[in-house]
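Structure at a glance
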Amino acid sequence: AQSVTQPDIHITVSEGASLELRCNYSYGATPYLFWYVQSPGQGLQLLLKYFSGDTLVQGIKGFEAEFKRSQSSFNLRKPSVHWSDAAEYFCAVGANAGKSTFGDGTTLTVKP
Amino acid sequence: DAGITQSPRHKVTETGTPVTLRCHQTENHRYMYWYRQDPGHGLRLIHYSYGVKDTDKGEVSDGYSVSRSKTEDFLLTLESATSSQTSVYFCASTRGESTDTQYFGPGTRLTVL
């Protein structure tokens, strides 16, 4: 069975500081991995996805994520956080985009 | 952004009443999905469709049914709503199944009293 763990329920960072959101997964084969962002009252928006190839994936809004097979991780990073990045972030794993298993999410608060 | 709308956006109903939520997409996507989102649980797949009249169950399908009579519309029905079905419901669609980007609707907040 596939599963996703986002160890941090809530993270607070100062504007301009770097950010790393953790995601660990369990999957029996080479996974498809996704990061989504959800602003309050909105649906989810895809930030980036990994299927194969280069393990460092670039996404929208200046985010990137690195796939580490040995650690079963797919952590999301951003070098300098903006106040507009405050949102909830979800990692997902699966054989395809639609039938993915989602993590429980990490809420990001950005301090001025 | 893909054109996915959901209706209604908010609904309050009573236990035991039937409820139908509608998802409409204008992208001619083949695959459509219904999820529920609850605090501390992320998103969980209820049902999905891989074409007109072709649907299958997700991980939390009990108490829900779906129908897809047209490519653009995917209906989620709660035959007899229960308080445990109070949640935020999201619809999503993809053009293909595997690597395509999944586009989400804005959500429907359902409260069952």
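Residues numbered from 1 in each chain as written. Chains lettered and ligands numbered in written order. Predicted model: local features only at pLDDT ≥ 70, side-chain atom pairs only at ≥ 80, totals over all residues. Heavy atoms only, no water.

**Description of the confidence of the model for chain A**
Here chain A averages 92 in pLDDT, while 97% of its residues score no lower than 70. The lowest-confidence element of chain A is strand 11 (residues 101–102) of chain A, averaging 88 in pLDDT; the highest-confidence one is strand 3 (residues 19–21) of chain A, averaging 98. (pLDDT = per-residue confidence, 0-100. Helix = DSSP H or I, 4+ residues; strand = E, 2+ residues; numbered from the N terminus.)

**With respect to the pairing of strand 4 (residues 31–37) of chain B**
As a general feature of sheets, a regular strand has side chains that alternate between the two faces. All names here are of chain B. A large share of strand 4 lies buried, amounting to 7 of its 7 residues. Residues Tyr31, Tyr33, Tyr35 and Gln37 point to one face of strand 4 and Met32, Trp34 and Arg36 to the other, with burial holding for every one of them. Summarising the sheet, strand 4 and strand 9 (residues 87–94) pair through 7 bridges and their orientation is antiparallel. Residue pairing in the sheet places Trp34 in a bridge with Cys91 of strand 9. Sheet topology note: the strand 4/strand 5 (residues 43–51) ladder contains 6 bridges and is antiparallel. Residue pairing in the sheet places Tyr33 in a bridge with Tyr48 of strand 5. (Buried < 20%, exposed > 50% of the residue type's maximum accessible area, 1.4 Å probe, protein only. Pairing = 2+ DSSP bridges.)

**With respect to the interface of chain A and chain B**
Counting residues at the interface gives 18 residues for chain A and 21 residues for chain B. Summed over both sides, the interface between chain A and chain B buries roughly 1,600 Å², with carbon and sulfur atoms accounting for 53% of that surface. In this assembly, chain A and chain B are joined by 0 salt bridges. Across the chain A-chain B interface, the total number found is 3 residue pairs in polar contact (both at pLDDT 80 or more). Contributions of two or more residues to the side of chain A that touches chain B are made by strand 5 (32–38) and strand 6 (44–50) of chain A. For the side of chain A that touches chain B, a count of residues per class yields 8 nonpolar, 7 polar and 3 charged. (Contact = heavy atoms within 4.5 Å. Buried area = accessible area lost by both parts, 1.4 Å probe. Salt bridge = Lys/Arg side-chain N within 4 Å of Asp/Glu carboxyl O. Polar contact = N/O pair within 3.5 Å; in protein donor to acceptor, adjacent residues only side chain to side chain. Nonpolar A, V, L, I, M, F, W, Y, C, P; charged D, E, K, R; others polar.)

**Some remarks on the state of the cysteines**
All names here are of chain B. One pass over the structure, following the stated rule, counts 2 disulfides over all chains. Each disulfide pairs two cysteine sulfurs, and for Cys23 the partner residue is Cys91, the sulfurs being separated by 1.8 Å. One quick way to see it: the torsion about the S-S bond of Cys23 and Cys91 is about -70 degrees, and its sign makes the bridge left-handed. Remark: Cys91 occurs in strand 9 and Cys23 occurs in strand 3 (residues 19–25); sequence separation between them is 68 residues. Just as Cys23 is buried, Cys91 falls in that class too. (Disulfide = S-S within 2.5 Å.)

**Points about the pattern of salt bridges**
Applying the stated criterion to the full structure yields 8 salt bridges over all chains. Ionic pairing is found between Asp85 of chain A and Lys78 of chain A, a salt bridge with its closest N-O pair at 2.8 Å. For the pair formed by Asp85 of chain A and Lys78 of chain A, the shared burial category is buried. Between Asp38 of chain B and Arg44 of chain B there is a salt bridge; the shortest N-O distance is 2.8 Å. Each of Glu64, Glu66 and Arg77 of chain A takes part in salt bridges that share partners, so that together they form one network.

**Re the sheet that holds strand 1 (residues 4–7) of chain B**
All names here are of chain B. Overall, antiparallel pairing links the 4 strands, which are arranged 1-3-8-7 in an open sheet. Among the strands making up the open sheet, the edge pair consists of strand 1 and strand 7 (64–70). Averaged over all neighbouring strand pairs, the angle between strand axes comes to 20 degrees, with direction disregarded. (Axes fitted to C-alpha atoms, helices over the stretch in contact; angles between N-to-C directions.)

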